[in-house]
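Inside the fold
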Amino acid sequence: MPTTTSGFFLQCASRGTLELVLPTADTPFGVEHHRREEASGPWRHVATFAGGLGPVEAVSLIQSNFGDPGHLEAVARIGDRLAAFWCAPSSEPSWSEPRFFAEGAAGDPALIQGGFGGKGNFELVVPHASGGIAHYHRDNDTAELGWRGPVIFGEGLGRFEAVAMIQRVGGAPHGLHAPGDLEVVARVGDRLVMFWRSPGSGAAWHGPEEVVSGVRGAPALVRSTIGGPGTLELFSPLARVGLARWCRDDGARGARFRGPTVFATDLGRCDAVSVIESWPLGRIELAVRAEGRIVHAARDGAVWSQRAIVGNASPSPADVPSPATLPPPATTTNRPPAATTSRPPAATTNRPPAATPSRPPAATTSRPPSSTSSPPPAPLPTGASPRLRAGPHRAGFRRIGALSLSADACYPDTWPFQGAIYRCPARSAALLYYPASADGEEAPLSSGGPFPVIAIAHERRLATSAATAGSPAGLAQDYRQLAGVMAHLARWGFVVVAPDLSWLTPDDAPLRRAAVLRDALTHLRAGSRGPLLADFARVGLLGHGLGAQAALALALDAACPFDVRALALLAPAGAPERALSIDALAPRPALVVRGTADPIAAAVPAALYDRARAPKHLVTLPFANHFGYTTSLGLAEPLDGRAGLSRREQQAIAMGYLAAFFNGYLRDARGDLDALSGKASLEGLEAREIPVSAEVPDGAAGS
């Protein structure tokens, strides 16, 4: 029997098994498929699919009437693109390769198989990046099984965050066995509103109809047969903790939802719920994403009980750093750059305000605590994976294998360090990401260039470092460790280059690293396609760990041939007393990002921020460690701290702030700096309290 209720949790009609899909919380990215064969048995992981596509943000699951027994079908959102997958519900399922069919998605998709058409079309709704809700359908009566759409509705309400969909039972004038209306409940802010349309090609969407308020996360709809011919039940996470249930008679249009009934408050802050009515007991069962785990719960009569925890990405209480080590919260973060603010500014407005003899007046923001202060506790993270919007471009990349090194980058001959001998390579390597019209290697350049350029100096590790499982063994691959950050910035319209610094000793002075960073920019500009890719009048620098000192050194180099306009320091490391005079950077802006579980860069970030002059911004990520920003590289304890965030969360939050910072200062999109100045929340992080401090000249941030 086809699934007519959306969600990520179902009961297989042919086998009776419970099936659940969820994005992996960490690398390698993909979608995990879990199954429970028996009512009293355990959940087990049976497959992982969608690997190699990057972080999967959300997924919806149904069982269709294709195949015997019916196939499991899933639609996943990767960035802003949607991809379809299917598999036979065998004991060891093998999922298909992705079939991408749409872009511009910005939230959790909701998929069902409806009753329109001979076979029954697939119907899908998803929040759209430009506002409103996008409706797609797949015509299952055609050989090509092509997706059609989108039809956008509800755009007058702005940006939606989540949707749920169901198909009503038939009724007059079409008869009880005819397909009924498609109904969608969608969340905008803390409100749920409902839309509906008749099945069939060309039918218009109606609504919105106000349903409830005071909610968050992703809701769920289910048609219950318990106690009557049909009751529509609505479930949603509440704005604070727990879940709520509303219900209405599934009869004439206009019936109101009754409720709420509040429950599951012991789960804390919930982020998504998916619901089924299981058989043969006719029991309502839920899968709830709460505090980084999936909880399976069921209702017997009026009593709710927790059945199992399917996965747990949250640290146990013993793993969570003491709140006493965290800085006090200031205001929350900045909205990531929107496509409408991405236009390059006029040439006269790119550079921040000129320097004045005295320190410019600062806007009122919270000052970070000194390293000797005893800050009050900061709130725990919610455990929910942030959903930060991707940019308007795709991310193409290119490997550079013949990077020439200048004399001031090279050792005179050899350089001994801790018993090892370091030599300069004849040619170095680099990784380049750029805005493209498709994802992948050597993808076509996106229109709208040339784009601002960002050079990245990566962190350096010792050959004796104990790496976690899955990390590259060779140090010469470390220049690829921030590939996730690079791809995100490319999607926001930046050309990003990261040269290999692994052949330099870890304690080397930053000037050699800075020279290699400059050599990478020189190589890019000298290439035949360089001027088409990058606008070298708008250059930003980003350094991670020891690489932060290199980025700062190049920014302060008076002989640098590039117009460095913004500097971001990600977990800057090294000896604080040896740090360069960052105060000379002004009036160019600086961003410092630090984590509270980072033992490698413990005191340096605050020291650099204290010494910097406005405009400057400090973002403190509770429970973030040092190497969690990297796509694949991690160091085993005690070489790095134990993070209380998943790597996916830590990377996503940092990506959002970095994109907002560079978009604000390299494109003069000052509205994107509101969160970095304590005036707004970064989209996707509204429920989190992330300390943000800033000093900016009056009128320099915001719009």
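Remember, it's a predicted structure, so these values are computed and weren't measured experimentally. (Residues numbered from 1 in each chain as written. Predicted model: local features only at pLDDT ≥ 70, side-chain atom pairs only at ≥ 80, totals over all residues. Heavy atoms only, no water.)

Remarks on the overall build of the chain
Regarding its fold elements, the chain presents 6 helices and 36 strands. Residue pairs in contact within the chain that sit at least 24 positions apart in sequence constitute 64% of those at least 6 positions apart. (Helix = DSSP H or I, 4+ residues; strand = E, 2+ residues; numbered from the N terminus. Contact = heavy atoms within 4.5 Å.)

Section: the sheet that holds strand β17 (residues 220-224)
One open sheet holds the 4 strands; their spatial order is β17-β18-β19-β20, and the pairing between them is antiparallel. Of all strands in the sheet, those bounded by a partner on one side alone are β17 and β20 (258-263). Within the sheet, the average angular offset between the axes of one strand and its neighbour, ignoring direction, is 25 degrees. The pairing of β17 with strand β18 (residues 231-237) spans 5 bridges and is classified as antiparallel. (Pairing = 2+ DSSP bridges. Axes fitted to C-alpha atoms, helices over the stretch in contact; angles between N-to-C directions.)

Observations regarding the packing of aromatic side chains
For the structure shown, the criterion picks out 16 aromatic pairs. An angle of 10 degrees between the planes, with centres 4.2 Å apart, marks the rings of F101 and W147 as stacked. Of the two residues, F101 is situated in strand β8 (residues 99-103) and W147 in strand β12 (residues 147-153); the sequence distance between them amounts to 46 residues. Of the two residues, F101 and W147, both sit in the buried class. Considering the side-chain rings of F235 and F263, the 6.3 Å spacing of their centres and the 90 degrees angle between planes classify their relative orientation as edge-to-face. Taken together, the residues F235 in strand β18 and F263 in strand β20 connect sequence positions 28 residues apart. Residues F235 and F263 agree in their burial class; the two are buried. Through a chain of ring-to-ring contacts, the aromatic side chains of F66, F101, F122, Y136 and W147 assemble into a single cluster. Sitting above the plane of the F100 ring, R81 keeps its charged end 3.9 Å from the centroid. (Phe/Tyr/Trp six-rings, centres within 6.5 Å; stacked < 30°, edge-to-face > 60°. Buried < 20%, exposed > 50% of the residue type's maximum accessible area, 1.4 Å probe, protein only. Lys NZ or Arg CZ within 6 Å of the ring centre and 35° of its normal.)

Some thoughts on the pairing of strand β32 (residues 534-544)
Across the 11 residues of β32, 10 count as buried, placing the element largely inside the fold. The sheet contact formed by strand β30 (residues 451-457) and β32 spans 7 bridges and is parallel. If you follow V453 over to β32, its bridge partner there is V539. Of the strand pairs in this sheet, β32 and strand β33 (residues 564-570) are connected by 6 bridges, and their pairing is parallel. Bridging from a neighbouring strand, H544 pairs with L570 of β33. Between the parallel pair β32 and β33, the chain is carried across by helix α4 (residues 546-556), and the sense of this crossover is right-handed. (Right-handed = clockwise from strand over helix to strand, strands pointing away.)

Comments concerning helix α6 (residues 647-666)
Over its 20 residues, α6 runs 28 Å from end to end, which matches the ideal 28 Å to within 8%, given 1.5 Å per residue. Among the 20 residues that make up α6, 20 are buried, leaving the element largely enclosed by the rest of the structure. A positive backbone phi angle near 65 degrees is found at D668, which sits one or two residues after α6. (Expected span 1.5 Å × (residues − 1).)

Topic: the environment of T505
On the secondary structure map, T505 appears in the loop between β31 (495-499) and α2 (510-526). Taking the relative accessible area as the measure of exposure, T505 reaches 0% and is therefore buried. Measuring from C-alpha to C-alpha, the distance between T505 and Y422 comes to 7.1 Å, with 83 residues separating the pair along the chain.

Description of the pattern of salt bridges
What the rule picks out here adds up to 23 salt bridges. E103 is the salt-bridge partner of R394, the closest N and O atoms lying 2.5 Å from each other. Within this pair, whereas R394 is found in strand β25 (residues 394-403), its partner E103 is found in strand β8, the two being separated by 291 residues in sequence. Judged by its relative accessible area of 7%, R394 is buried. Residue E103 is classed as exposed on the basis of its relative accessible area, which comes to 51%. Residue R518 pairs with D408 through a salt bridge whose shortest N-O separation is 2.9 Å. Residue R518 is found in helix α2, and its partner D408 is found in the loop between β25 and β26 (414-417); the two are separated by 110 residues along the sequence. What makes D408 partly exposed here is its relative accessible area of 42%. (Salt bridge = Lys/Arg side-chain N within 4 Å of Asp/Glu carboxyl O.)

What about the state of the cysteines?
In this structure the tally under the stated criterion is 0 disulfides. Of the cysteine sulfurs around C12, a residue in no disulfide, the closest is that of C87, at 9.2 Å. For C12, a relative accessible area of 0% puts it in the buried group. (Disulfide = S-S within 2.5 Å.)

So, the side chain of N625
Among the secondary structure elements, N625 is positioned in the loop between β35 (616-621) and α6. The exposure class of N625 is buried, given its relative accessible area of 9%. Here the side chain of N625 touches G628 through a polar contact of 3.0 Å, landing on its backbone nitrogen. In this structure, N625 is in contact with A597, D598, D640, G641, A643 and Q650, ignoring residues within four places of it in sequence. (Polar contact = N/O pair within 3.5 Å; in protein donor to acceptor, adjacent residues only side chain to side chain.)

Comments concerning the sheet that holds strand β29 (residues 440-441)
Pairing within the open sheet is mixed, and its 10 strands lie in the order β29-β25-β28-β31-β30-β32-β33-β34-β35-β36. Every interior strand has two partners, whereas the edge strands, β29 and β36 (692-695), have only one. Note: strand β34 (residues 590-595) against β35, 6 bridges, orientation parallel. In the sheet register, A590 faces β35, and the bridge partner there is K616. Sheet contacts for α4: β30, β32 and β33; angle to β32, the most-contacted strand, approximately 145 degrees. Most of the contacts of α6 go to β33, to which it runs at about 165 degrees, and overall it touches β30, β32, β33, β34, β35 and β36.

Thoughts on the confidence of the model for the chain
Scored by pLDDT, the chain has a mean of 81; 80% of the residues are at 70 or more. Across residues 171-176 the pLDDT falls below 50, and counting only partners more than four positions away or on other chains, this stretch makes 3 contacts in the model. Low confidence marks residues 312-385, where pLDDT is under 50. Its contacts with residues over four positions away, or in another chain, come to 190 contacts. (pLDDT = per-residue confidence, 0-100.)

Focus: helix α1 (residues 483-491)
Along α1, 8 of the 9 residues are buried, which leaves the element largely enclosed by surrounding structure. Within the span of α1, buried status applies to A483, G484, V485, M486, A487, H488, L489 and A490. Where α1 terminates, the next one or two residues include G493, which has phi positive at roughly 95 degrees.

Quick word on unusual backbone geometry
A cis amide bond, omega 10 degrees, links G207 with the succeeding residue P208. For P208, the location among the structural elements is in strand β16 (residues 206-213). Of the consecutive residues A586 and P587, the connecting peptide bond is found in the cis state with omega at 15 degrees. Position of P587 relative to the elements: it lies in the loop between β33 and β34. One non-glycine residue, E442, lies in positive phi territory at about 55 degrees. Checked against the element boundaries, E442 lands in the loop between β29 and β30.

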